[in-house]
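The primary structure of each chain is shown beneath.
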Amino acid sequence: MIKAGIIGATGYAGSELVGLLLKHPGAEVVFLGSSSQAGTRFSDIYPRYLNQCDLVLSDSVLEDAAKVCDVVFLALPHGIASGSVTSDILEKTRIIDLGADFRLKDADVYESWYKVVHKGRALLPEAVYGLCEIHRDEIKKARLVANPGCYTTCSILSLYPLLKRHLVDPLTLVVDALSGVSGAGRGAKVANLFCEVNESVKAYGVATHRHTPEIEQELSLAAGREVVLSFTPHLVPINRGILATCYAKLLPGIGEDEVASAYAECYGGEPFIRLSGALSETRNVQGTNFVDISMRIDGRTGRVVVVTAIDNLVKGAAGQAVQNMNILFGLDERTGLI
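Residues numbered from 1 in each chain as written. Predicted model: local features only at pLDDT ≥ 70, side-chain atom pairs only at ≥ 80, totals over all residues. Heavy atoms only, no water.

Chemist: Tell me what's going on with the environment of T152, and back it up with residues and numbers.
Modeler: Structurally, the position occupied by T152 is in helix α8 (residues 150-164). C-alpha separation for the pair T152 and S15, spaced 137 residues apart in sequence, amounts to 21 Å. Leave out the neighbours within four places in its chain, and T152 touches Y129, L157, H211, E214 and I215. (Helix = DSSP H or I, 4+ residues; strand = E, 2+ residues; numbered from the N terminus. Contact = heavy atoms within 4.5 Å.)

Here it is as structure tokens:
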């Protein structure tokens, strides 16, 4: 059994991870950490886990978790993991970081967008970006996996085949994405109160959202050249789910057959990617690790429109983390997720 620990277990992503690991036939939750709820039983905070996970929450001390865990998941705000993960920790356990600290390879870019000092620059070269469908072989050998963000997972997987196969102009990319309220975390914020969110849709982080450089980094690797895009997130009054509508200008001579072939070649054997003729909807992926991708060619404008849906707490966070764990320990990726 894989002995697993979670630091930041009481947030939405952390609690979702607890639920997935409890059902995982090859894993056992042995450590739960929370700096704000130390000394409290996990099931007292989330009563649905009564008699399933009654562990008492510990202080969020990574050194303690590393002594008893084969893998530790970090579900923490940005800026914390970079100062906590060390080479000594990685000698004892594997780390899957659900936060942003090790996703960007350029620490200066990270500091520019996140406005905090990166304290773990020396570890960035060995951190592997944990988007399983793209970096699977690197993940297998990793000690430190940077679990991608929810918007980024949806956006990158939407556009990756188009850039990889050089079917679109990489300077014409636009991503409009809508997320449920759980994407903002469990902390109390006026903007996320029911009366503030219900019966309304709003854009936020326009031209400034921190997931933008993460998307550009991975799509630039796919394209083999620098990619700059427009990314606009929106908040919608649902609990969970992301729908990304992505636009790109097709290169001359590229049509529906070439686009369909690119997605089939890149994703045809992927267990969690579903290519569909019907337009993707969040309700069809809720509570799952699936990525539903659909495409339309707009012949009038010469653009391809890709519509993709994921559950932001599963494939966008906890489910992808479990998928990464399965890869790290040589298990079928679907274990505990289907």
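Chemist: Any chance you could break down the nonpolar core for me, citing the residues and the numbers?
Modeler: Ranked by size, the top nonpolar core spans 40 residues in total, and within it L162, L163, V168 and L173 carry the most contacts. Ignoring any residue separated from it by four or fewer positions in sequence, one finds L163 in contact with V168, P170, L173, L219, A222, A223 and V227. Judged by nonpolar contacts, the second largest core, of 38 residues, contains I2, I6, A9 and I45. (Core = buried A, V, L, I, M, F, W, Y, C linked by side-chain atoms within 4.5 Å. Buried < 20%, exposed > 50% of the residue type's maximum accessible area, 1.4 Å probe, protein only.)

Chemist: Please provide a residue-by-residue account of the pattern of salt bridges, values included.
Modeler: What the rule picks out here adds up to 18 salt bridges. In this structure, the salt-bridge partner of E214 is R103, at a minimum N-O distance of 3.3 Å. In this pair, E214 is assigned in helix α10 (residues 212-223) and R103 in the loop between β4 (94-97) and α6 (107-114), connecting sequence segments 111 residues apart. Measuring nitrogen to oxygen at the nearest pair gives 3.2 Å for the salt bridge that ties R121 to E111. Note that R121 is positioned in the loop between α6 and β5 (128-129) and E111 in helix α6, a separation of 10 residues in sequence. (Salt bridge = Lys/Arg side-chain N within 4 Å of Asp/Glu carboxyl O.)

Chemist: An account of the environment of V304 is requested, with residue identities and associated values reported.
Modeler: Among the structural elements, V304 can be located in strand β13 (residues 303-310). Considering only alpha carbons, one finds V304 and L159, 145 residues apart in sequence, at a separation of 10.0 Å. Each residue touching V304, except ones within four places of it in the same chain, is listed here: L162, V168, C246, Y247, A248, L250, V259, R296 and I297.

Chemist: Summarise the side chain of T301; cite the residues concerned and give the values.
Modeler: Looking at the secondary structure, you find T301 in the loop between β12 (291-298) and β13. The buried category is assigned to T301, whose relative accessible area is 17%. Among the polar contacts listed, one links the side chain of T301 to the side chain of D298, at a separation of 3.0 Å. (Polar contact = N/O pair within 3.5 Å; in protein donor to acceptor, adjacent residues only side chain to side chain.)

Chemist: A description of the sheet that holds strand β7 (residues 174-179) should follow, citing residues and the corresponding values.
Modeler: Taken together, the 7 strands give an open sheet; going across it, the order is β8-β9-β7-β10-β13-β12-β11, and neighbouring strands pair in mixed fashion. Both edges of this open sheet fall to β8 (202-203) and β11 (273-275), since each of them pairs with a single strand only. Summarising the sheet, β7 and strand β10 (residues 242-249) pair through 6 bridges and their orientation is antiparallel. Paired with L178 across the two strands is L243, which belongs to β10. Set on the sheet, helix α11 (residues 256-267) makes contact with β11, β12 and β13; between it and β12 the angle comes to about 165°. (Pairing = 2+ DSSP bridges. Axes fitted to C-alpha atoms, helices over the stretch in contact; angles between N-to-C directions.)

Chemist: Now, about the packing of aromatic side chains: what can you tell me, with residues and values included?
Modeler: The final tally for this structure, using the stated rule, is 7 aromatic pairs. Measuring from centroid to centroid gives 5.4 Å for F42 and Y46, while their planes differ by 35°, and the two rings are tilted. Across the pair, exposure class does not vary: F42 and Y46 are buried alike. Ring-pair connections join several aromatic residues into one group, and the members of that group are F42, Y46 and Y49. In this structure, R94 packs its charged tip against the face of F329, placed 5.1 Å from the ring centre. Note that R274 overlies the ring of F290, its terminal NZ or CZ placed 4.1 Å from the centroid. (Phe/Tyr/Trp six-rings, centres within 6.5 Å; stacked < 30°, edge-to-face > 60°. Lys NZ or Arg CZ within 6 Å of the ring centre and 35° of its normal.)

Chemist: Report on the packing of helix α1 (residues 12-22) against helix α12 (residues 314-328), specifying residues and quantitative values.
Modeler: α12 packs onto α1 with a crossing angle of 45° between their chain directions and a minimal axis gap of 9 Å. As summarised for this structure, α1 and α12 are arranged oblique, according to the angle between their axes. In terms of crossing hand, the pair formed by α1 and α12 is right-handed. Residues A13, E16, L17, L20 and L21 of α1 touch α12, and the partners they reach there are V314, A317, A318, G319, A321, V322 and M325. (Parallel < 35°, antiparallel > 145°, perpendicular 65-115°, else oblique. Left-handed = near helix turned anticlockwise from the far one by under 90°.)

It is worth stressing that arrangement in space is one thing and function is another; only the former is reported here.
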